[in-house]
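Given next are the chains, with one letter for each unit.
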Amino acid sequence: METHSELNKVELTTQKLTKRFGELQALDEVSIEIKNCITLIIGPNGGGKTTLINTVTGFLSADEGEVFFKKREITNLSPHEIFKRGIVRTFQTPKPLLKLTVIENLLIAEANYGESIIQSLGRSWLAKEEMLVKKAFSVLDFLGLEHMWNEFAMNLSGGQLRLLEIGRALMCQTKLIIMDEPIAGIAPDLSHAILKKFRKLSEMGISFLIVEHRLDIVLEYVDHIYVMAGGRIIAEGRSKDILENPEVIEVYLGAQS
Ligand SMILES: Nc1ncnc2c1ncn2[C@@H]1O[C@H](COP(=O)(O)OP(=O)(O)OP(=O)(O)O)[C@@H](O)[C@H]1O
Ligand SMILES: [Mg+2]
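For clarity, every value in this text was computed on a predicted model and none was experimentally measured.

Caption draft 1: Representation of the overall build of the protein chain. Helices and strands together make up the secondary structure of the protein chain, namely 12 helices and 10 strands. Taking all 257 residues of the protein chain together, the buried fraction comes to 36%. Pairs at least 24 apart in sequence give 67% of the contacts found in the protein chain among residues at least 6 apart.

Here's what the structure looks like:
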């Protein structure tokens, strides 16, 4: 069972992370602490949320500041290096993957991860295949996608594709999953189902950093919130404090709905 200290363990930190696009300061000394839980970043359009995610995961390089994951510096490492440390940043599912079946998507996710633990144990290829397939089916079972195992990914709904992305991350010893607007365009029922899976995974030790505008749905599932506007963190706290924060209401919540 997780202890209280494990749940509060700091996984990722940024220290005065700064990113400029020409004259524009898209990230202005952003310092955050992501603990072993579900962290949400909200804020107005153009606030810097996606830029923060991209800079943390190596898709953009930082101009100043540092990023640490599990106490080791990862600032400006390549996306692949960062992925290998256990951070997965999901994107919209690329087209080639849509032409594969659900189970194939999971199996190649693990293959992409590089040398697997099983391989390094020197087991035979067949034994490895068997274990991978078993693992893939247990991931599908957890996600409620088992009945779709032989379906082409292109036949999945938007919500099911999101679950498949999570499944691909689970095949790769992921420790932190970073998602930009994971429930955008997804029906409320399935959105709740997806967020419930996030909660279960969080209890199992996987941390989440998500950016989302659908506060009506997402708030009940998150542990901690950062609010970004103009490239800065303007507030942080638990849902209730954030909803009542006058500055947050002024720059973001007031403009919503
Ligand atoms: N590659 C880029 N080149 C130049 N400017 C960029 C680039 N990417 C983002 N920006 C600018 O940086 C600022 C922050 O953008 P970002 O996409 O991070 O905002 P966001 O908070 O994700 O917004 P949204 O809620 O609309 O997704 C915006 O002013 C945007 O126009
Ligand atoms: Mg964005």
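Caption draft 2: Local environment of the site of ligand 1. What surrounds ligand 1 is the set F21, L24, A26, G43, N45, G46, G47, G48, K49, T50 and T51. For the shell around ligand 1, the secondary-structure elements that each account for two or more residues are β2 (24-35) and α2 (49-56). It is α2 that contributes the most residues to the shell around ligand 1, three residues altogether. Among the residues making up the shell around ligand 1, the classes are represented as three nonpolar, seven polar and one charged.

Caption draft 3: Representation of the nonpolar core within the structure. Judged by nonpolar contacts, the single largest core of 64 residues is most densely connected at L40, I177 and V227. Counting only domains with at least three residues in this core, you end up with domain 1 (1-86 + 175-257) and domain 2 (93-174). Leaving out residues up to four positions away in the same chain, L40 has contacts with I210, E212, V218, V222 and I225.

Caption draft 4: Highlighting helix α9 (residues 188-203). End to end, α9 covers 23 Å across 16 residues, agreeing with the expected 22 Å (1.5 Å per residue, within 8%). In this structure, the buried side of α9 is in contact with β3 (38-42), α8 (158-170), β8 (207-211) and α10 (215-218). Of the residues trailing α9, G205 is marked for its positive phi of about 105°.

Caption draft 5: Here's a closer look at the environment of E81. Inspection of the secondary structure assignment puts E81 in helix α3 (residues 79-84). We classify E81 as exposed; it has 12 C-beta atoms within 10 Å.

Caption draft 6: Fine view of the packing of α8 against α9. Where α8 contacts α9, the two axes come as close as 10 Å, and the packing angle between them is 10°. Regarding the angle of α8 to α9, the classification is roughly parallel. For the pair α8 and α9, the contacting residues are G159, R162, L163 and I166 in the first and L190, I194 and K197 in the second.

Caption draft 7: Broad picture of α2. Within the span of α2, buried status applies to K49, T51, L52, T55 and V56. Each buried residue of α2 sits inside an arc of 165° when the element is viewed along its axis, so together they form one side. Elements in contact with the buried residues of α2: β1 (10-21), β2, β3, β4 (64-69), β8 and β9 (224-229). Positive phi shows up at G58, right after α2, with a value of about 90°.

Caption draft 8: How the structure looks around the sheet that holds β2. Read from one edge to the other, the open sheet built from four strands follows the order β2-β1-β4-β5, with strand pairing classed as antiparallel. Where the open sheet ends on each side, the last strands, each with one partner, are β2 and β5 (72-73). Where β1 meets β2, eight bridges bridge the pair, whose relative direction is antiparallel. Bridge pairing in β2 links K19 to L27. Here α2 sits on the sheet in contact with β1, β2 and β4, set at roughly 65° to β2.

Caption draft 9: Structural view of the confidence of the model for the protein chain. Here the protein chain shows a mean pLDDT of 89. Residues at 70 or above account for 89%. Taken element by element, the predicted model of the protein chain shows its lowest mean pLDDT in helix α6 (residues 117-120) (51) and its highest in β4 (98).

Caption draft 10: Broad picture of the sheet that holds strand β10 (residues 232-237). Strand order in the open sheet made by the six strands is β6-β7-β8-β3-β9-β10, with mixed pairing throughout. For this open sheet the edge positions go to β6 (87-90) and β10, each flanked by a neighbour on one side alone. Geometrically, the sheet is characterised by an average inter-axis angle of 20° between neighbouring strands, direction not taken into account. Inspection of the sheet shows β6 paired to strand β7 (residues 176-180) by four bridges, in the parallel sense. Its bridge partner lying in β7, T90 is registered against M179.

Caption draft 11: The pairing of β9, seen in detail. With respect to burial, β9 is a largely interior element, five of its six residues being buried. By the bridge criterion, five bridges tie β9 to β10 in an arrangement that is antiparallel. What sits directly across from A229, in β10, is R232. Two successive antiparallel strands, β9 and β10, enclose a turn made up of two residues, where G230 displays a positive phi of approximately 55°.

Conventions used here
Residues numbered from 1 in each chain as written. Chains lettered and ligands numbered in written order. Predicted model: local features only at pLDDT ≥ 70, side-chain atom pairs only at ≥ 80, totals over all residues. Helix = DSSP H or I, 4+ residues; strand = E, 2+ residues; numbered from the N terminus. Buried ≥ 20, exposed ≤ 12 C-beta atoms within 10 Å, placed from the backbone. Contact = placed C-beta atoms within 7 Å. Near = placed C-beta within 6 Å. Nonpolar A, V, L, I, M, F, W, Y, C, P; charged D, E, K, R; others polar. Core = buried A, V, L, I, M, F, W, Y, C linked by C-beta atoms within 7 Å. Domains from an automatic or database assignment. Expected span 1.5 Å × (residues − 1). Axes fitted to C-alpha atoms, helices over the stretch in contact; angles between N-to-C directions. Parallel < 35°, antiparallel > 145°, perpendicular 65-115°, else oblique. Arc of directions from axis to C-beta. Pairing = 2+ DSSP bridges. pLDDT = per-residue confidence, 0-100.

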